[in-house]
Amino acid sequence: MSAAGFHGSKYCWMNGSVMPTGEALVSPMESIHLGIFEGIKAYVMGDVLGKGDLNIFGWEQHIERLWRSAAVNGIAMPYTREELLEAVRACIIRNDYDKNTYIQPRLWPKAEKPSESHVVVPVWPFDTLLGKDNPSFSKERRFMVSSWRRISSDALPPQAKSWANYANSMHAIREAKRCGYDNAVFLDSRGFVSEGTLACLMMVRDGKVITPPVTASILESVTRGCFIEFIPDLGYPVEVRDVTRVELYASDEAFLCGTGGECTPITSIDDIKLGTKYPGSITTEIAAYYSEILAGNIKKYKNWLTPV
Ligand code: PMP
């Protein structure tokens, strides 16, 4: 691996120390597929697209979920929350990043002693979709309703962020690409709308924002939690309730929310265009406010940010 490593990750943190990412090697006998992880982002303060000091978004919420995922999957967590935060900080500082940075703590049971875990924290820079006039935001995104159902609680725990769950997403993404779509929306085992393949889903109808509940087999998204909190500030009530496929077809706007995709508008579902304008005005307003929160420009939501 080159010095810059995968995705431009020069250094990572592994089992207690920062090391070059290319030297963070494990045995091929390791059970990485049984692991869990988190996807977290640190944004530049004051200007989401610029350079400068970094804030980690939703650190406490992500770390709570990591601990819950570990408990649900019976994986030992050998560090404290504070130690993990210091590991992330040390890693970002060693990489000398002063731009938006993705952080992905990973844990898996040691092959030789499953009661103990390996812990690795790779970090790498990313480009945001957000920001005024960013062409990535308004790119068209044609979605289909997947023929694959979202994993349900009687098969795998959907609320835990484990690698195994992503095999489900991979099948839906591959089907969507095969059928000529950009991505897919999952229904749950009952036939109600669940979520996207890598993000939660929200739809807009008559000035209300509606999103499926945790019982619709979604991953309990950190971003969704934040959106539910701040969207009413913009004057739009949020309803958390089951959504039918037909309601989604008939929505005025729909978008995904998640750490990776941030706030991603959807153009159509099964070739049915949503609303009359793309991206929808409420989605655009929500995305703009979210980028201000991430940049630390909204005082009320500074508690969502942890300085690096
Ligand atoms: N659902 C799935 C399946 C995901 O992979 C993600 C991304 N982590 C989300 C929802 C959004 O979760 P979060 O906002 O915590 O990133």
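Scroll up to find the structure this text is about.
Overview of the structure. (Residues numbered from 1 in each chain as written. Predicted model: local features only at pLDDT ≥ 70, side-chain atom pairs only at ≥ 80, totals over all residues. Heavy atoms only, no water.)

### What to know about the environment of Glu38
(1) Moving on: Looking at the secondary structure, you find Glu38 in the loop between strand 3 (36–37) and strand 4 (40–44).
(2) Moving on: Taking the C-alpha atoms as reference, Glu38 lies 29 Å from Arg245; in sequence the two are 207 residues apart.
(3) Moving on: Setting aside residues no more than four positions away along its own chain, Glu38 makes contact with His62, Arg65, Leu66, Ile103, Gln104, Pro105 and Lys161. (Helix = DSSP H or I, 4+ residues; strand = E, 2+ residues; numbered from the N terminus. Contact = heavy atoms within 4.5 Å.)

### Some details on the sheet that holds strand 10 (residues 183–187)
(1) Moving on: If you walk across this open sheet you meet the five strands as 11-10-9-17-18, and the pairing is mixed. Two strands bound the open sheet, and with one partner strand each, they are strand 11 (193–196) and strand 18 (272–273).
(2) Moving on: Sheet topology places strand 9 (residues 142–145) next to strand 10; three bridges connect them, and they run parallel. Residue pairing in the sheet places Met144 in a bridge with Ala184 of strand 10.
(3) Moving on: Sitting on the sheet, helix 3 (residues 166–178) is in contact with strand 9 and strand 10, with an inclination near 130 degrees to strand 10. (Pairing = 2+ DSSP bridges. Axes fitted to C-alpha atoms, helices over the stretch in contact; angles between N-to-C directions.)

### Quick word on the packing of aromatic side chains
(1) Moving on: With the rule as written, the count across this model stands at 14 aromatic pairs.
(2) Moving on: Seen in terms of ring centroids, Tyr43 and Phe126 are 5.5 Å apart; in terms of plane orientation they differ by 85 degrees. Their pairing is edge-to-face. Of this pair, Tyr43 sits in strand 4 while Phe126 sits in the loop between strand 8 (117–125) and strand 9; the two residues are 83 residues apart in sequence, bridging distant segments of the chain. Per residue, the accessibility class of Tyr43 equals that of Phe126, and both read buried.
(3) Moving on: Look at Phe230 and Tyr290: their rings are 6.2 Å apart centre to centre, the planes differ by 10 degrees, and that puts the pair in the stacked class. Pair noted here: Phe230 is in helix 4 (residues 222–230) and Tyr290 is in helix 6 (residues 281–294), with a separation of 60 residues, a long-range link. (Phe/Tyr/Trp six-rings, centres within 6.5 Å; stacked < 30°, edge-to-face > 60°. Buried < 20%, exposed > 50% of the residue type's maximum accessible area, 1.4 Å probe, protein only.)

### As for the sheet that holds strand 15 (residues 253–258)
(1) Moving on: Judged by pairing direction, the sheet is mixed, and its five strands sit side by side in the order 14-13-12-15-16 without closing on themselves. Unpaired on one side and paired on the other, strand 14 (238–240) and strand 16 (262–265) mark the two borders of the sheet. Taken over all neighbouring pairs, the strand axes of this sheet differ in orientation by 25 degrees on average, direction set aside.
(2) Moving on: In the sheet, strand 15 pairs with strand 16 via four bridges, with the strands oriented antiparallel. Residue Leu256 lies in a different strand from strand 16, and its bridge partner there is Thr264.
(3) Moving on: Contacts between helix 4 and the sheet are confined to strand 12 (200–205), strand 13 (208–211), strand 14, strand 15 and strand 16, with strand 15 contributing the most and set at about 125 degrees to the helix.

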